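Each chain is listed here by its residues.
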Amino acid sequence: MCLAIPARVVDLAEVGVAVVDVGGVQKRISLALVDDIGLGDYVIVHVGYALTKLDPALAQSTLETFAAAGLVDSEIA
């Protein structure tokens, strides 16, 4: 089973690379598969790659669902 999670872009480290944050955990990811990503955008992340840009309301809803299911810390949502 694979899990992709919504994460907020907090830094555009270099061309094609972003730093994302999920509940205070930050990770460098590749933007090679997506276009037009800016600071504050939400992306779906899987194995170090942003797969798609995500609507902020949908990202928040997904994080709340994950928290309700006990899959992530409730402080993330």
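Keep in mind that this is a model prediction, so the values were computed, not measured.

Draft legend 1. Layout of the overall build of the chain. Of regular secondary structure, the chain possesses one helix and five strands. When its helices and strands are written in sequence order, the chain yields β-β-β-β-β-α. When each of the 77 residues of the chain is scored for burial, the buried share is 35%. The long-range fraction of contacts in the chain, counting pairs at least 24 apart against all pairs at least 6 apart in sequence, stands at 33%. With the model as given, the accessible surface of the chain reaches about 4800 Å², and the carbon-plus-sulfur share is 55%.

Analysis parameters
Residues numbered from 1 in each chain as written. Predicted model: local features only at pLDDT ≥ 70, side-chain atom pairs only at ≥ 80, totals over all residues. Heavy atoms only, no water. Helix = DSSP H or I, 4+ residues; strand = E, 2+ residues; numbered from the N terminus. Buried < 20%, exposed > 50% of the residue type's maximum accessible area, 1.4 Å probe, protein only. Contact = heavy atoms within 4.5 Å. Areas by Shrake-Rupley, 256 points an atom, 1.4 Å probe, with all protein chains shown as cover.

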